[in-house]
Amino acid sequence: MDKNFQEEFTHVIKFKPPLYKQRHQFVKDLVEKYKPKKVADLGCADCSLLRMLKFCSCIEVLAGVDICANVMKENMHTLSPLPVDYLQPSERSLTVTLHHGSVAHKDPCMLGFDLVTCIELIEHLEESELEKFPEVVFGFMAPSIVVISTPNSDFNPLLPGVMLYRHPDHKFEWNQGQFQSWALETARCYDYSVEFTGVGHPPTGMEKAGFCTQIGVFVRKYPQTGESVQSEKPTEAVYKTVFKAVYPSLKDEKYLKNAVISEVIFTAQIIKHRLMSKREEYRDDPERKSKFQPSMDCFPDYLGKLVVKKSMEPFVSGNEVYIPLATIFSVPKVNRLCGTFEKLCKLIAGKVTLSSDGSAVVFNIEDEDN
């Protein structure tokens, strides 16, 4: 490497977006590709990757493990549900848990994950911990996919101020050959395939330096059997749970009931408002008022297309407006939430005023006038 060329770049290399964001985006892209339901981040530190992943709609279980409990405790509040999560519960379930422990130890709480991420972790491990790491992650946990990122020491001469390692806590930093040799041997031992990539492109003309952060994506070749998991399962837990959050979900019937009731009332109110607005046009003409019947132009477009049967048309009788439940159930969001008409009736029972035969939502016209 030409010394003058090298010195020129040590002052100008800047990554946009920052390297840590590129690493996180890499994981997010992988999640969007493979749609894992259960994801564990080993060495989660400040929980920033977990905060990003909790918004991925496919994930139902998120877990973080770190040896430093204080760092997790300082940041764990950012993983708690927000008020909006209770006001508008998601259709999926989500549980987020943080554990204090070492990645060199086996714990049954880390079984059953689809994806395990180890982002800038292994270079912090002591030699004895690194020796145990493959058996814990690939042998015991045995997820479908493992992502490991680590600094590429071939890139270090291009970084200003780096004398030996990029961080004082690093125990080692591998070049491309060393990382790939370790990864290929690990993959061979535990029946995984591995592909190499990275983030943080080198400057033009310095391609041999490779990515600033090198990444190995391991994919398990064969499904893990229940017997193999059980045979490796330790008898007791060694991690300490420091945080757990269960997000409100429409899979929980109490949240589903509230959501359905709100949606039913909202839909019925829209239909009633359009119906009464049309009726108002006939109020000053007694003859026309007596002949008033709702028509399709009384309703929003998406409802007008649904109100096609006579039995599904809303109507006025005396001082009451009747909005058939069949019409409300046909609204896509209500239909998706309930699944069946019978479940709709069950969820709103006693919470919404219905006609005597239970077939329609009823509003009093006087309430409208007031």
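Look up: the structure comes first, before these words.
Residues numbered from 1 in each chain as written. Predicted model: local features only at pLDDT ≥ 70, side-chain atom pairs only at ≥ 80, totals over all residues. Heavy atoms only, no water.

A. Main features of the overall build of the protein. The secondary structure content of the protein amounts to 15 helices and eleven strands. Put simply, the protein has 370 residues, and 45% of those count as buried. Sequence separation of at least 24 residues holds for 73% of the intrachain contacts in the protein that already meet a minimum separation of 6. When the accessible surface of the protein is summed, it comes to about 19700 Å², and 51% of that surface belongs to carbon and sulfur atoms. (Helix = DSSP H or I, 4+ residues; strand = E, 2+ residues; numbered from the N terminus. Buried < 20%, exposed > 50% of the residue type's maximum accessible area, 1.4 Å probe, protein only. Contact = heavy atoms within 4.5 Å. Areas by Shrake-Rupley, 256 points an atom, 1.4 Å probe, with all protein chains shown as cover.)

B. Fine view of the sheet that holds strand S1 (residues 38–42). Pairing in this open sheet of eight strands is mixed, and the strands run S6-S7-S5-S4-S1-S2-S3-S8 from one edge to the other. Single-partner strands in this sheet number two, and they are strand S6 (192–199) and strand S8 (240–246). Strand-to-strand twist of the sheet, defined as the mean angle between neighbouring strand axes without regard to direction, takes the value 15 degrees. For strand S5 (residues 145–151) and strand S7 (residues 213–220), the ladder comprises seven bridges, and the chain directions are antiparallel. Following the sheet pairing, Ile148 is matched in S7 by Gly216. (Pairing = 2+ DSSP bridges. Axes fitted to C-alpha atoms, helices over the stretch in contact; angles between N-to-C directions.)

C. Molecular detail of the environment of Lys21. Looking at the secondary structure, you find Lys21 in helix H2 (residues 19–34). A sequence separation of 27 residues divides Lys21 from Ser48, and the C-alpha atoms of the two residues are 9.6 Å apart.

D. Representation of the environment of Ile261 within the structure. Mapped onto the elements of the fold, Ile261 is located in helix H9 (residues 253–280). For Ile261, a relative accessible area of 12% corresponds to the buried category. The spacing of Ile261 and Leu344 is 83 residues in sequence and 9.0 Å in space, taken between C-alpha atoms. Once residues lying within four places of it in the same chain are set aside, the contact partners of Ile261 are Leu347, Ile348, Lys351 and Val352.

E. Just the pattern of salt bridges, in detail. Taken as a whole and assessed by the stated rule, the structure comprises seven salt bridges. Lys251 is the partner of Glu60 in a salt bridge, and the nearest nitrogen-oxygen pair spans 3.3 Å. Placement of the pair is Glu60 in the loop between helix H3 (48–53) and strand S2 (61–66) and Lys251 in the loop between S8 and H9, with a sequence separation of 191 residues. The class of Glu60 is partly exposed, set by a relative accessible area of 21%. Judged by relative accessible area, Lys251 falls into the exposed class, the value being 55%. Two residues, Arg336 and Glu91, come together in a salt bridge whose shortest N-O distance is 2.9 Å. (Salt bridge = Lys/Arg side-chain N within 4 Å of Asp/Glu carboxyl O.)

F. Examining the environment of Leu164 more closely. Tracing the backbone shows Leu164 in the loop between S5 and helix H7 (176–189). When near neighbours in sequence (up to four residues on either side) are disregarded, Leu164 contacts Asn156 and Glu173.

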